[in-house]
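Listed below are the residues making up each chain.
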Amino acid sequence: MNKTLSAPVNPSESNPETANNPHVSAVVERLCATVPDYPEPGIVFKDLTPVFADGPALKLVVDSIVAKFAGKFDAVAGVEARGFLLAAAAAYATGTGVITIRKAGKLPRDVYAESYALEYGEATLELHQEDVPAGTRVLILDDVLATGGTLGAAATLLERTGAVVAGIGVVLEIDALPGRENLPGREIVSLLHV
Ligand SMILES: O=P(O)(O)OC[C@H]1O[C@H](OP(=O)(O)OP(=O)(O)O)[C@H](O)[C@@H]1O
Ligand SMILES: Nc1ncnc2[nH]cnc12
């Protein structure tokens, strides 16, 4: 299967009525690279960088996610690193701002911090305490939902600032892992389940 950068997206897959476009998952599936034993033995890594690198596909996934939360959010949060790509595009497309949730030690002012486990290790996410006005409805974006540790920590951080988590959008969800179970009560949109 061709996964080059120039792989065309079928025009029917570029339908701007993306909220319920059944072709979106097919586009993601076609472009996603599956890498066994990365970053460590036993992990089947889902690499979505070919989706980000393909203009029509990037537009399709971003438009699809934001369409499903239309009118429900005031800002978009991105989780470092791959979530930043989606969040910036979604914010630009919707005229909202990006809230930056970073790995530990990167933000210069006072932060809230949440540690979590993921498939291949542990990490800590941080958010500036003063970046989000209380009551802001925030859509959180990331590329992959695996164990849910990352997005759970992101949601907790936002709620510690007084924000309201409007929902979570991911491009791909790994159904064999308990991501959804670990995010109870959250509205989650996944464009492709594997
Ligand atoms: O549901 P989880 O088990 O928490 O896993 C999902 C997270 O793992 C990956 O990020 P990673 O921590 O590898 O960081 P990166 O984006 O900087 O590569 C991915 O981009 C998600 O953020
Ligand atoms: N299997 C996986 N593929 C891509 N990103 C991930 N983040 C956590 N698990 C992952």
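This text goes with the structure placed above it.
Below you will find a few notes about this structure. Per-chain numbering applies: the sequence of each chain, read as written, is numbered from 1 onward. Labels are handed out in written order, letters beginning with A for the chains and numbers beginning with 1 for the ligands. Reporting in this predicted model follows two pLDDT cut-offs: at least 70 for local features of residues, and 80 or more for side-chain atom pairs to be given and counted; totals over whole chains, interfaces and linings ignore these cut-offs and use all residues. The basis for every side-chain value is the complete set of heavy atoms in the structure, and neither hydrogens nor water enter the calculation.

Another point: the pairing of strand β7 (residues 137-145). Moving residue by residue along a regular strand, the side chains alternate between the two faces of the sheet. In terms of residue burial, β7 counts as a mostly covered element, since eight of its nine residues are buried. Think of it this way: DSSP has to see at least two bridges between two strands before they count as a pair. Strands are runs of DSSP state E lasting at least two residues, helices are runs of H or I lasting at least four, and both sets are numbered from the N terminus onward. Of the pairings in the sheet, the one linking strand β3 (residues 75-79) to β7 comprises four bridges and is parallel in character. Its bridge partner lying in β7, Gly78 is registered against Leu141. Relative to strand β8 (residues 164-173), β7 runs parallel, the two being bridged by eight bridges. Bridge pairing in β8 links Leu139 to Gly167. For the segment spanning β7, helix α5 (residues 149-160) and β8, crossover handedness is right-handed. Categorising residues by exposure relies on relative accessible area from a 1.4 Å probe, with only protein chains included: less than 20% of the type maximum marks a residue as buried, more than 50% marks it as exposed, and the intermediate range marks it as partly exposed. Whether a crossover is right-handed depends on one test, that the path from the first strand over the helix to the second runs clockwise when the strands point away from the viewer.

Now for the site of ligand 1. Only a single heavy atom is needed: when it lies within 4 Å of a molecule or strand, its residue is near that molecule or strand. The immediate surroundings of ligand 1 are formed by 16 residues, with Tyr120, Asp142, Asp143, Thr147 and Thr150 found nearest. Between ligand 1 and Asp142 there is a distance of 2.4 Å, counted from an oxygen atom to a side-chain nitrogen or oxygen. The Shrake-Rupley method, run with a 1.4 Å probe, gives the accessible areas here. Residue values count only the displayed protein chains as cover. In isolation ligand 1 exposes 500 Å². Once the protein is present, 86% of that is buried. The pocket and cavity definitions rest on a 1 Å grid over protein atoms only: a 1.4 Å probe that fits but cannot leave marks a cavity, an open set with protein on both sides within 12 Å along at least five of seven lines marks a pocket, and residues lining either have an atom within 4 Å of a point. Think of it this way: a molecule belongs to a cavity or pocket when more than half its atoms come within 2 Å of the grid points there. For ligand 1, the cavity whose grid points lie within 2 Å of the majority of its atoms is the largest pocket. Secondary-structure elements contributing two or more residues to the shell around ligand 1 are β7 and α5. Looking at which element gives the most residues to the shell around ligand 1, the answer is β7, with four residues. In this classification, the charged set is Asp, Glu, Lys and Arg, the nonpolar set is Ala, Val, Leu, Ile, Met, Phe, Trp, Tyr, Cys and Pro, and all remaining amino acids, among them Gly, are polar. Grouping the amino acids of the shell around ligand 1 by side-chain chemistry returns six nonpolar, four polar and six charged. Pairs of N or O atoms within 3.5 Å make up the polar contacts considered here, provided that, within protein, one atom can donate a hydrogen while the other can accept it, and that residues adjacent in sequence are counted only when both atoms are side-chain atoms.

The values reported here are purely geometric and, on their own, carry no functional implication.
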